[in-house]
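Topology and contacts: notes
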Amino acid sequence: MLRQEDVGQRVVVRRIVGIRAGRPLFSDALGELAELSETHLTLATAHGRITVPMAEVHRAKRVPASRRPTAAAVAALEHAADEAWPAPTRAGLGDWLLRSADGWTGRANSALPVGDPDRPLPAAIDAVQRWYAGLGRPALVNTPLPLSAPVSAELDARGWTSGPPALVQTVPLAALPPAPADSAGAPPVELTTAPSTDWLAVAASRKGDLPAAARHVLTAVPQVRFAQVTLGGRLVAIGRGTVTGANRWLGLSLIEVAPEARRRGLARQVVRALARWGAAVGAANAFLQVEQRNIEAVTLYRTLGFTTHHTYRTRTAPPD
């Protein structure tokens, strides 16, 4: 049967739809799992969303993606994501990237093993460990899968631990659903070229204290916008958008809504506002990165049309 970590993945569900001559009748549904609870599951299929009561589920399992992106497509998106979240301290190892940002976020403090490291794989891993040791930082490697499967296997053999799977999800901007008709009276989304003090405070509440390196990560992108929604004089929703990858990709990050302001569609408003800006400067597609176990966020993005392009895990070297 399915588990919460299967949310966002492609699954097949065999459900009982009736009884004939004392035998159950079955129907199969294929799609991405959008929601899973004790009472029902919801699938996003090619024909729309369907909800199946758990009492009707005979069998359900994850299945491989219908079409995997090419290695070149994964590499291009990973490089666009790196541009959108730029670590201030960087080095190259052949085609690999080594990144550090004073420990702020795994993405900005991990090696990206995409391409040829210009040396045998074991020697490349050794070089990664030496580089991070020289900075006094733990060695991390971000492994986009299946592109970096050989790297992941080498790290397994060395006893590196693995963080939770993260989904890299995408959607064509033209496919984002329009705002509902009853949203005309919603509070406006303000887009700025620099984060306000309140914006940074909300980001810090989610990501921890913001050292100088964090501010570099957030702002050192030529095309960046910071979204914010204010209600009653208080900032209740934020988001960040970047356009990178030769202006092809709108990157979305730090979409956050205060607990007391949730269930009002504010996150969707923020995404749509950033999408309009991204499209205006030439982006055709949006991407985001979300932990697979963040069910609420995965479900939200599913309703906006995002699908999983590929996954990654952040690997950590064992202590010396």
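The structure under discussion appears in the preceding block.
Residues numbered from 1 in each chain as written. Predicted model: local features only at pLDDT ≥ 70, side-chain atom pairs only at ≥ 80, totals over all residues. Heavy atoms only, no water.

Considerations on the overall build of the protein
For the protein, the helix and strand inventory stands at seven helices and 16 strands. Here the C-alpha coordinates of the protein stretch approximately 70 × 55 × 35 Å along the principal axes. When each of the 320 residues of the protein is scored for burial, the buried share is 46%. Intrachain contacts of the protein at a sequence separation of at least 6 include 66% that bridge at least 24 residues. (Helix = DSSP H or I, 4+ residues; strand = E, 2+ residues; numbered from the N terminus. Buried < 20%, exposed > 50% of the residue type's maximum accessible area, 1.4 Å probe, protein only. Contact = heavy atoms within 4.5 Å.)

Concerning the pattern of salt bridges
Counted under the stated rule, the structure contains 12 salt bridges. Of the charged contacts in the structure, one is a salt bridge between Asp-126 and Arg-158, with a shortest N-O distance of 2.8 Å. Highlighted residues: Asp-126 in helix H2 (residues 121–135) and Arg-158 in helix H3 (residues 149–158), separated in sequence by 32 residues. Residue class for Arg-158 comes out partly exposed when judged on its relative accessible area of 26%. With its nearest N and O atoms 2.6 Å apart, the salt bridge here joins Glu-291 to Arg-293. By relative accessible area, which is 33% here, Glu-291 ends up partly exposed. The exposure class of Arg-293 is exposed, given its relative accessible area of 58%. One salt-bridge network, held together by shared partners, links Asp-82, Arg-90 and Arg-99. (Salt bridge = Lys/Arg side-chain N within 4 Å of Asp/Glu carboxyl O.)

Examining the nonpolar core
If you look at the biggest cluster of nonpolar residues, it comprises 45 residues, and the most contacted ones within it are Leu-33, Leu-41, Leu-250, Leu-252, Tyr-301 and Phe-306. Per-element tally for this core: the top contributor is helix H6 (residues 266–280), with seven residues. Not counting the four nearest positions on each side in its chain, Leu-252 is found in contact with Arg-240, Val-271, Leu-274, Ala-286, Phe-287, Leu-288 and Phe-306. Counting residues in hydrophobic clusters, the runner-up holds 19 residues, among them Ala-101, Ala-108, Leu-235 and Ile-238. (Core = buried A, V, L, I, M, F, W, Y, C linked by side-chain atoms within 4.5 Å.)

Considering the environment of Asn-142
Following the sequence through the fold, Asn-142 ends up in strand E8 (residues 140–145). Look at Asn-142 and you get buried, because its relative accessible area is 2%. Aside from chain neighbours lying at most four places away, what touches Asn-142 is Arg-99, Arg-107, Ser-110, Ala-111, Leu-112, Pro-113, Tyr-312, Arg-313 and Thr-314.

So far we have only geometry, and geometry alone does not tell us how the molecule works.
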